[in-house]
Amino acid sequence: MTALEVRGLAKAFSRPAVQGLDLTIAPGEFYGLLGPNGAGKTTTLRMVVGLLQPDAGSIRVFGVDALADPIAAKRQVAWLPDEPLIYDKLTPLEFLEFVAGLWGVPASVAAARAEELLHRLDLWDHRAERCEGFSRGMKQKAALAGALIHDPRLLILDEPLTGLDAAIAREVKAILVERVRAGGTVILTTHILEVAERLVDRIGIIQHGRLMAEGTLADLRGRVGRGDGTLEEVFLDLVATPDSAAETREPA
Amino acid sequence: MTAGTLPWLLRHELRLAIRGMKLSSVAVWLSLLALVALFHVIGGFIAFGLGQGAHAALPGISAMVAALASCFMAGTAVYRAMDTIYSRGDYDLLLSSPLAPGVILPARALAVAAGTLLFPAAIILPIANMGAVFGHANWLAAYLALPALALLVTAVALLAALGLVRWVGVRRARVAGQALAAVTGFLMALAGQIPHLVGVRMNWVDGSGLHGPLATVLLLPGRALLGDPLALAILVVTCAGVFAGVTMRWGPAFIAAATAAAGAATPRAKAPRRVHRFQDALGPVLRRKEWRLMARHPQLALLLFQQMSGAVILVISMQAQWRAEPLVLMALVVPVAALAAGTLAKLALADGAADLIGAAPMPAQRLRRAKVEAAGLPPLAVVVMVAAAAAPISLWGTLTILSCGIAASASAVVSSLWVQPMTGAAMQQMLKPRKGAGAKVVGRTLLETLMSYGWMAAAVLMLHHDLYAVLVAGGLVGLVAILRTPL
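Cut-offs used in this document
- Residues numbered from 1 in each chain as written.
- Chains lettered and ligands numbered in written order.
- Predicted model: local features only at pLDDT ≥ 70, side-chain atom pairs only at ≥ 80, totals over all residues.
- Heavy atoms only, no water.
- Pairing = 2+ DSSP bridges.
- Helix = DSSP H or I, 4+ residues; strand = E, 2+ residues; numbered from the N terminus.
- Axes fitted to C-alpha atoms, helices over the stretch in contact; angles between N-to-C directions.
- Expected span 1.5 Å × (residues − 1).
- Buried < 20%, exposed > 50% of the residue type's maximum accessible area, 1.4 Å probe, protein only.
- Contact = heavy atoms within 4.5 Å.
- Buried area = accessible area lost by both parts, 1.4 Å probe.
- Salt bridge = Lys/Arg side-chain N within 4 Å of Asp/Glu carboxyl O.
- Polar contact = N/O pair within 3.5 Å; in protein donor to acceptor, adjacent residues only side chain to side chain.
- Nonpolar A, V, L, I, M, F, W, Y, C, P; charged D, E, K, R; others polar.
- Phe/Tyr/Trp six-rings, centres within 6.5 Å; stacked < 30°, edge-to-face > 60°.
- pLDDT = per-residue confidence, 0-100.
- Disulfide = S-S within 2.5 Å.
- Core = buried A, V, L, I, M, F, W, Y, C linked by side-chain atoms within 4.5 Å.
- Parallel < 35°, antiparallel > 145°, perpendicular 65-115°, else oblique.
- Left-handed = near helix turned anticlockwise from the far one by under 90°.
- Right-handed = clockwise from strand over helix to strand, strands pointing away.

**Quick look at the sheet that holds strand β6 (residues 77-80) of chain A**
Two orientations exist for strands paired in a sheet by backbone hydrogen bonds: parallel and antiparallel. Residues and elements named next belong to chain A. What the six strands build is an open sheet, ordered β6-β7-β8-β3-β9-β10; its pairing is mixed. Of all the strands in the sheet, just β6 and β10 (210-215) have a single pairing partner and so form its edges. With direction set aside, neighbouring strand axes in the sheet form an average angle of 15°. Pairing between strand β3 (residues 30-34) and strand β8 (residues 185-189): four bridges, direction parallel. Within the sheet, the bridge partner assigned to F30 lies in β8 and is V186.

**Here we look at helix α3 (residues 58-86) of chain B**
An ideal rise of 1.5 Å per residue puts 42 Å on 29 residues; α3(B) measures up with 41 Å between its terminal C-alpha atoms. Buried residues dominate α3(B), accounting for 21 of its 29 residues.

**Considerations on the environment of A390(B)**
Residue and element names in this part refer to chain B. Of note, A390 is situated in helix α17 (residues 364-390). Assessed through its relative accessible area of 0%, A390 is described here as buried. Taking C-alpha positions, A390 is 44 Å from L58, a pair spaced 332 residues apart along the chain. Setting aside anything within four residues of it in sequence, one finds A390 in contact with L327, M330, T398 and I401.

**Considerations on the interface of chain B and chain A**
Taken together, the contacts link 32 residues of chain B with 36 residues of chain A. In total, about 3200 Å² of surface goes out of reach between chain B and chain A, with carbon and sulfur atoms giving 67% of it. The largest per-residue losses of area from chain B upon contact with chain A belong to F278(B), R296(B) and P361(B), which jointly make up 24% of the total buried on that side. If you look at where chain B meets chain A, you find five salt bridges. Our count for the contact surface shared by chain B and chain A stands at eight residue pairs in polar contact (both at pLDDT 80 or more). Listing elements by their share of the side of chain B that touches chain A, those giving two or more residues are α11 (282-295) and α16 (354-358) of chain B. The leading source of residues in the side of chain B that touches chain A is α11(B), at seven residues. When its residues are assigned to classes, the side of chain B that touches chain A shows 17 nonpolar, five polar and 10 charged.

**Describing the packing of aromatic side chains**
Residues and elements named next belong to chain B. One pass over the structure, following the stated rule, counts three aromatic pairs over all chains. Geometrically, the ring pair formed by F48 and F134 is edge-to-face, given 5.5 Å between the ring centres and 70° between the ring planes. Of this pair, F48 sits in helix α2 (residues 26-51) while F134 is found in the loop between α5 (101-133) and α6 (142-168), placing the two residues 86 residues apart along the sequence. Among the residues examined, F48 registers a relative accessible area of 45% and is labelled partly exposed. According to the relative accessible area criterion, F134 is partly exposed, its value standing at 39%. Ring geometry for F72 against F119: centres 4.9 Å apart, planes inclined by 35°, an arrangement best described as tilted.

**Regarding the confidence of the model for chain A**
All names here are of chain A. Mean pLDDT over chain A stands at 88; residues scoring 70 or higher make up 95%. Within chain A, the lowest mean pLDDT, 42, falls on helix α10 (residues 244-249), and the highest, 95, falls on strand β4 (residues 56-61). Note on residues 244-252: pLDDT is under 50 here. Beyond four places in sequence and across chains, it has 13 contacts.

**Points about the state of the cysteines**
Taken as a whole and judged by the stated rule, the model has zero disulfides over all chains. Lacking any disulfide linkage, C71(B) is separated from the closest cysteine sulfur, that of C239(B), by 14 Å.

**Some remarks on the confidence of the model for chain B**
Should pLDDT be low for a region, the predicted coordinates there are not to be read in detail. Residues and elements named next belong to chain B. For chain B, per-residue confidence averages 79 on the pLDDT scale, and residues scoring 70 or more make up 78% of the total. No element of chain B has a lower mean pLDDT than helix α19 (residues 424-431), at 44, and none a higher one than α17, at 91. Per-residue pLDDT stays below 50 along residues 197-208; that stretch engages in 23 contacts with residues further than four places along the chain or on separate chains. Here residues 418-436 is modelled with pLDDT under 50, and outside its nearest four sequence neighbours on either side it reaches 45 contacts, counting other chains as well. Among the scores for the predicted complex, ipTM is 0.76 and pTM is 0.71.

**Some thoughts on the side chain of S70(B)**
All names here are of chain B. Tracing the backbone through its elements, the reader meets S70 in helix α3. Here A66 takes part through its backbone oxygen, which lies 2.7 Å from a polar atom of the side chain of S70. Excluding residues that lie within four positions of it along the chain, S70 makes contacts with L149 and V153.

**Describing the nonpolar core**
Counting 108 residues, the largest nonpolar core has L102(A), I205(A) and L356(B) as the members making the most contacts within it. Not counting residues up to four positions away in its chain, the partners in contact with L356(B) are L85(A), Y87(A), F95(A), F98(A), V99(A), L102(A) and W103(A). In this structure, A81(B), A128(B), A155(B) and A161(B) belong to the second largest nonpolar core, which totals 63 residues.

**A short note on the packing of α3(B) against α6(B)**
Residue and element names in this part refer to chain B. The N-to-C vectors of α3 and α6 enclose an angle of 45°; their axes lie 8 Å apart at closest approach. The angle between α3 and α6 places the two elements in the oblique class. Where α3 crosses over α6, the two elements pack in a sense that is right-handed. Residues A66, A69, S70, M73, A74, A77, V78, A81, M82, I85 and Y86 of α3 touch α6, and the partners they reach there are L146, L149, A150, V153, T154, A157, L158, A161, L164 and V165. The residue makeup of the contact of α3 with α6, split by class, is 19 nonpolar, two polar and no charged.

**Details of the pairing of strand β7 (residues 154-158) of chain A**
Residue and element names in this part refer to chain A. Of all the five residues making up β7, five are buried; the element is thus mostly covered by neighbouring parts of the structure. Neither face of β7 is exposed, since L154, I156 and D158 on one face and L155 and L157 on the opposite face are all buried. The sheet contact formed by β7 and β8 spans five bridges and is parallel. When the bridges of β8 are listed, L157 appears paired with L188. In this region the chain leaves β7, passes through helix α6 (residues 166-181) and returns to the parallel neighbour β8; the handedness of that crossover is right-handed.

Spelled out as structure tokens, the structure:
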């Protein structure tokens, strides 16, 4: 069973944002979804988590048809966008209680997990303070705690490191790696290519709403003929090739 | 226009304000023109009535109008002044530019004054225009007197905002400012009732009961509105002088307060004494979250105070009837509960993390129901208490207040919330209505207020065993259906 299987996904607003996208992500995989601004990464992920209705295509999360049974699919997924999804007027504990309630986590389990997460993310001393006074990094950590409180099988993060200082970013990365080691699946979008290079198992590059290349870093290096190139060099080569989308879609 | 000057910056401020009004569609302009025409028709009747033989009373009436307009403008100006402090906006850009600091506050304050002037001007100037048509060209002095009052009120509001920041601190000043704005709105209700309140003890209307410096000061704005040259000159010079003095003397302090507001750190909370108990049941978790957010909403007090001002007017203006029929006074809880429920529903609807609940494994109906419960239960609790208090007077009274209170609160919540989309892009669309929908927002607000007081009318009819109550209730249910139409 795959963690996420997307077939022929399409969405258009005033112009096509995602066009016939196919993705297959295995359980326990750390997957990086990269692409230039406006490539369709966030639109794709918002459709996967049920925030946008696709125009066409199918989405399966751990075998569950996310379009036919969105509630069952959502139970297994957590979504962390670049703008932290928290309530400024709640304290971290109140926020975690609410999120745990939404995902149906029993109170005793949620309380213990909240304490553990807040300690881990260095927010325990701030547990009774409203989030409105938090820095961006603290808000992002509170949002991450919310994403983890229901122990999701699939964690989807859209630019989670934007605006975080080095120490917090390092902590977040460590948590993500831990989750993958523990068998969780993580999908990450980022413009910080060094992060993707060091963390992820497999990379998908999308442009103009189409998957134009996918594979390990070694696969991608081979595709552009840069044996020891960095991900940044490989990425820039790939997105600079005008017809690469058409060429690479067929194998996918 | 020379860049960096006061007029240049003022033009920038006004352009931003006008673009914020979304006046780009033809439908909005047509609606505005229709409103202007309507106000002139109404203003024509008022001007004609005032011009016919009420000359002795005119200064008093005009003074009352000036007092009402000033109170209204004060509420708006305080709110906008606080907003100027806390909405960081482009302060960083302006203050980091080589623009003279002395230009920034006057420009922003003039924009505040212009914003506060809009509504009173829309009401009063058509009367002045039509007065001029009927031979009272001197009434056109309102075009000078009203802006002068707006300048004065804005200067006072800026001082009040600055004073609050200094006295209660940056963090608490915002809430205090909103309470102050609400109180000034409340004063407007009282100002409109002055002739009724003072009655024969002081003949406010013709000024004969007032003598000496107090009368001169109180009646001066009224005389200025009517075009008395000396009064107008004194008013304009005084107001402009106060405005210039305040913005120049306290401008740097005000900007420093705004800068401090941006960097104000939240005080470290003390470690909680009790362990936070997580709830197992979903309903209480969802409701508790809504109630926490409602109670901590910075505008809750202001919104509720504004909603209640109509009820205050009713209480004051119908004192005699209330004494005779206390049950009718108790029925006032019906519109109060409905208005409060509508306000709470709108706060619940504006979910700060809509994508979070959109991504949650929870049917949208369940979340909507929690919002309905959270918005409706507190006002209903008040209705139940008042209905219980009515029991010693009449069981029928209790049943009437209870049934109408429930129906009114439910109508308000349902029309505000029930069918509205509440997450993601759809929610954004609802919160930021498409171009041309601004007039509909105003219309809906008026209809909601009408509906709330309509339920009170139904309650009063029921109290008098009048069968028309059924007709009114049926009409109000139909109104709910209209209000459910998405914008």
